[in-house]
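# Commentary on secondary and tertiary structure
What follows is the residue order along each chain.
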Amino acid sequence: MPANDPKQTTYGFIAALSAFLVWGLLPIYWKSLITVDPFEILCHRVVWSLVFISVILTVMKGWGDTFAPLKSPRDLMILAASSLMIGGNWLLYIWAVNTGHVLETSLGYYINPLVNVLLGFVFFRERLRPLQLVAIGLAALGVINSVVSHGELPWISLALAVSFGLYGLLRKIASVESLPGLFLETMVLGPFALGYILWLQAHGASALFHQGLDVDLLLVGAGVVTASPLIGFAFGARRLQLATVGVLQYLAPSIAFLLGVYVYKEPFSPSHLLTFACIWSGLAVYTAESVFTIRKVRRLAGKTPA
């Protein structure tokens, strides 16, 4: 692919934008399955993701390197841990959406980039720059305001942000690409998920084939809505500047925020607004600082003699 190819950049932007749009609209999808137990939804999500990714890998002839990580005990352990982390994140997200906590999921994914900064500091000794500290401090103020105003820790938001941050950390240190990695993770969870679905079928307690064709199609389609945005994101991320991807990542929680407030009419008091305002301010500082740093690095690189 030619460097700075405008056509490839456009394709990348469309792919990444589509991925974040799908992620932002996922609450609508899971709400459509509100009659199904969240754990059963999770199991279908795992099983049909495994099927869908298998088809994609076959079409793309990507099986060659897919099982290579299994030869490394280290990568195998990392993928086992990441599969548990993403499975827990998916389950909590589905449960939160279908029990009226869309706003808290939005807050969690707003916090996630700042959690990533902290994880980089803790595990990779990445130096925290002053404005990054300011951004994290503003996010902390938002959490403190939530505790003071409502008397409880926003545990759903924090659990989603931390679990997804740890998942990203594990995937960063595993020697595997995004799509093969997701295949291996769903392969780890797949036997347990399929076993549970079959157990439900045997006891007549499964939603599949018992709640109508629309529910059946949505359960099977869970694999498509899981893997498709990941493929689009991976395609776009390779063709876009990091700053562009960094800004686009706020689209998904912003859509979820609008859905929570205006579509699902979840409680949103002035104290909630203050919490979000603190997080938004932190993200604004973080994004501006990231863009400034990237531009500075590129400017210095341009001055370096070849």
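Residues numbered from 1 in each chain as written. Predicted model: local features only at pLDDT ≥ 70, side-chain atom pairs only at ≥ 80, totals over all residues. Heavy atoms only, no water.

### Quick notes on the packing of aromatic side chains
Short version of the rule: We call Phe, Tyr and Trp rings a pair once their centres come within 6.5 Å, taking the six-membered ring for Trp, and we label the pair stacked below 30 degrees between planes, edge-to-face above 60, and tilted otherwise. Note on classification: 1.4 Å probe, protein chains only; a residue is buried when its accessible area is under 20% of the maximum for its type, exposed when over 50%, partly exposed between these limits.
For the structure shown, the criterion picks out 20 aromatic pairs. A centroid spacing of 5.3 Å and a plane angle of 85° characterise the contact between Tyr29 and Trp30, whose relative ring orientation is edge-to-face. Here Tyr29 and Trp30 have matching classes, each one buried. Each member of the aromatic cluster is reached from another via a ring pair, and the members are Tyr110, Phe257, Phe268, Phe276 and Trp280.

### Considering unusual backbone geometry
Rules: Secondary structure elements are taken from DSSP: a helix is a run of H or I of four residues or more, a strand is a run of E of two residues or more, and numbering for both begins at the N terminus.
Despite not being glycine, Phe209 shows a phi value in the positive range, around 70°. Tracing the backbone through its elements, the reader meets Phe209 in the loop between helix 7 (178-202) and helix 8 (213-237). Taking relative accessible area as the criterion, Phe209 reaches 61% and is therefore assigned exposed.

### Digging into the packing of helix 3 (residues 73-98) against helix 6 (residues 155-173)
How we decide: Axis angles are defined between N-to-C directions and span 0 to 180 degrees, where every axis is a line fitted to C-alpha atoms and, for a helix, only to the segment in contact. Orientation categories follow fixed angle ranges, with anything under 35 degrees roughly parallel, anything over 145 roughly antiparallel, 65 to 115 roughly perpendicular, and all other angles oblique. Each crossing is labelled by how the near helix is turned from the far one, with a counterclockwise turn of less than a right angle marking it left-handed and a clockwise turn marking it right-handed. In what follows, residue pairs with any heavy atoms lying within 4.5 Å of each other are defined as contacts. For this classification, the nonpolar set comprises Ala, Val, Leu, Ile, Met, Phe, Trp, Tyr, Cys and Pro, the charged set comprises Asp, Glu, Lys and Arg, and every other residue, Gly included, is treated as polar.
Close contact between helix 3 and helix 6 brings their axes to 9 Å; oriented N to C, the two are set at 155°. Between helix 3 and helix 6, the angle is such that the two are roughly antiparallel. Here helix 3 and helix 6 pass one another in a crossing that is left-handed. On helix 6, the residues that touch Arg74, Asp75, Ile78, Ala81, Ser82, Met85, Ile86, Asn89, Leu92, Tyr93, Trp95 and Ala96 of helix 3 are Trp155, Ile156, Ala159, Leu160, Ser163, Phe164, Leu166, Tyr167, Leu170, Arg171 and Ile173. Of the residues that constitute the contact of helix 3 with helix 6, the class distribution is 17 nonpolar, 3 polar and 3 charged.

### Overview of the environment of Pro113
If you trace the backbone, Pro113 turns up in helix 4 (residues 102-124). Put simply, Pro113 and Ile136 are 23 residues apart on the chain and 9.7 Å apart in space, counted from C-alpha to C-alpha. Sequence-distant contacts of Pro113, that is, excluding residues within four places in its chain, are made with Gln249, Tyr250, Leu283 and Tyr286.

### A word on the side chain of Arg45
Let me state the cut-off plainly: Within this scheme the basic residues Lys and Arg register as positive and the acidic residues Asp and Glu register as negative, but His and the chain ends are omitted. The term salt bridge refers to a pairing of a side-chain nitrogen on Lys or Arg with a carboxyl oxygen on Asp or Glu at a separation within 4 Å. Two N or O atoms count as a polar contact when they lie within 3.5 Å, although within protein this holds only if one can serve as hydrogen donor and the other as acceptor, and sequence-adjacent residues are included solely when both atoms are side-chain atoms.
The topology assignment puts Arg45 in helix 2 (residues 38-59). There is no salt bridge for the buried Arg45, and the closest opposite charge comes from Glu185, which lies 11 Å off by N-O distance. Here the side chain of Arg45 touches Thr226 through a polar contact of 2.6 Å, side chain to side chain.

### A word on the pattern of salt bridges
Scanning the entire structure with this criterion turns up 3 salt bridges. Note that Asp75 is salt-bridged to Arg74, the shortest N-O span being 3.2 Å. On the accessibility criterion, Arg74 (47% relative accessible area) is partly exposed. Residues Arg171 and Glu185 are paired through a salt bridge, measuring 3.3 Å at the closest nitrogen-oxygen approach. Linking Arg171 in helix 6 with Glu185 in helix 7, this pair joins segments that are 14 residues apart in sequence. A relative accessible area of 14% means that Arg171 is categorised as buried.

### Focus: the packing of helix 4 against helix 5 (residues 130-150)
At a closest axis distance of 10 Å, the pairing of helix 4 and helix 5 adopts a crossing angle of 125°. In terms of their interaxial angle, helix 4 and helix 5 are classed as oblique. Here the hand of the crossing between helix 4 and helix 5 comes out left-handed. Here Ile111, Leu114, Val117 and Leu118 of helix 4 lie close against helix 5, whose contacting residues are Gln132, Ala135, Ile136, Ala139 and Val143. The residue inventory of the contact of helix 4 with helix 5, partitioned by class, reads 8 nonpolar, 1 polar and no charged.

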